[in-house]
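# Results of the structural survey
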Amino acid sequence: MRREASINVLLSTWSMTFHLCRTAPQRAMVTLLFFSVLVAQAWSVRPQQLPAPKNIFILAGQSNMAGRGGVVNDTITGVATWDGIIPPQCQPNPSVLRLSANLTWVLAHEPLHADIDVNKTNGVGPGMAFANAVLAKDPTFGAIGLVPCAIGGTKISEWGRGTFLYNQLVQRARASLQDGGGSTIQALLWYQGESDTVSKEDAESYKGKLERFFMDLRDDLQSPMLPIIQMGLASGSGPFIKIVREAQMGIDLLNLRTVDAKGLTLEPDGLHLTTPSQVRLGQMLADTFLQFLPSGPIVSLTYSGSSARCSPFIVDLFIAPLLRCFNRIILLN
């Protein structure tokens, strides 16, 4: 509204000045000045964005991290739909933001991965329940920023350094820090492995690939002690679930914790967690994170990229003189 009012004032001023001018050169100059002011006004007034949160969490992995709670497959049409039911523990919270696909902070709401895992039908995942539980248990924690990166149906080999998914994760993680002085990546929440249970070869090579992924990510985020909370599989797409679970439980890295999802209720497909299970998982993740006591700073990575805004100094330097020109022209006429 304030921007519209400013433009209306400019239009009125231009119209009045234009009609007071007696010669074509004067009218041309007035019109040129008007458009110069208009461009400066458009440059100086930017859409308001939500302030960057201080506590960043990366959500990565495959479908059970992206969220399939409440997603039902129609046995006749084969079309998957989300029931739209959002439990109280997953409701939007002004202190919980989400980094959108276009790298801007927006109010977080289910489905968190709607614009990330775009080729699948997304439902309730553990992210919102996790964030709300952290804030409920520690009201002084501060605003939380969730960075969704999970893609359903992906193998661990698709997350190796240099792959599209890996590069996208790193890009989004870095982008989450660009606007926030003092923002910190508090942890990586990782739920993946179901797709690596199909092939025995994939299952047996899983541990080495996962360890390498964790170490590479810490290296590229310049955070050697980045806390990682991984989820032990509750299900799998193939018969080698036990091998993958043993690999997950056998990884021994500093600041790594495992939350076991085994035993949580699954959807009728036998693969994806139900909405209540996702809520429970989010709460388990919150409990695990709040017990995390990493030593030293978590992430020291900062960015000084400046946004394209016009400062009040620039406005005073250019717009004010132009407006004075309008007044001078009126006086001359």
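In this text, all values refer to a predicted model and were calculated from it rather than measured experimentally. (Residues numbered from 1 in each chain as written. Predicted model: local features only at pLDDT ≥ 70, side-chain atom pairs only at ≥ 80, totals over all residues. Heavy atoms only, no water.)

A separate point is the environment of Gly236. Following the sequence through the fold, Gly236 ends up in the loop between strand 8 (228-232) and helix 8 (241-250). A relative accessible area of 18% places Gly236 in the buried class. For Gly236 and Gln192, which are 44 residues apart along the polypeptide, the C-alpha to C-alpha distance reads 9.7 Å. (Helix = DSSP H or I, 4+ residues; strand = E, 2+ residues; numbered from the N terminus. Buried < 20%, exposed > 50% of the residue type's maximum accessible area, 1.4 Å probe, protein only.)

Another aspect to go through is unusual backbone geometry. The omega angle of the peptide bond from Glu110 to Pro111 is -10°, so this bond is cis rather than trans. Take Pro111: it is sitting in the loop between strand 5 (105-107) and helix 4 (127-137). Positive phi, normally seen in glycine, also occurs at Gln222, with a value near 55°. One can find Gln222 in the loop between helix 7 (206-220) and strand 8. The class for Gln222 is partly exposed, based on a relative accessible area of 48%.

Before going further, it helps to examine the sheet that holds strand 5. Where strands meet in a sheet, backbone hydrogen bonds hold them as pairs that are either parallel or antiparallel. Judged by pairing direction, the sheet is mixed, and its seven strands sit side by side in the order 5-4-6-1-7-8-9 without closing on themselves. Each edge of the sheet is formed by a strand with only one pairing partner; in this case those strands are strand 5 and strand 9 (256-260). Strand after strand, the sheet turns through a mean of 25° between neighbouring axes, direction not considered. Of the strand pairs in this sheet, strand 1 (residues 55-61) and strand 7 (residues 184-191) are connected by seven bridges, and their pairing is parallel. Bridge pairing in strand 7 links Ala60 to Trp190. (Pairing = 2+ DSSP bridges. Axes fitted to C-alpha atoms, helices over the stretch in contact; angles between N-to-C directions.)

Summed over all chains, the structure comprises 11 aromatic pairs. When the centroid spacing of 4.9 Å and the interplanar angle of 85° are considered together, the rings of Phe57 and Phe289 count as edge-to-face. Highlighted residues: Phe57 in strand 1 and Phe289 in helix 9 (residues 275-290), separated in sequence by 232 residues. You can call Phe57 buried: its relative accessible area is 0%. Its relative accessible area of 8% is what places Phe289 among the buried residues. Plain terms: the ring middles of Trp159 and Phe213 are 6.3 Å apart, the flat faces sit at 70° to each other, and that makes the pair edge-to-face. Of the two residues, Trp159 sits in the loop between strand 6 (144-148) and helix 5 (164-178) while Phe213 sits in helix 7, which places them 54 residues apart along the sequence. Aromatic ring contacts, followed pair by pair, group Trp159, Tyr166, Trp190, Phe213 and Phe214 into a single cluster. (Phe/Tyr/Trp six-rings, centres within 6.5 Å; stacked < 30°, edge-to-face > 60°.)

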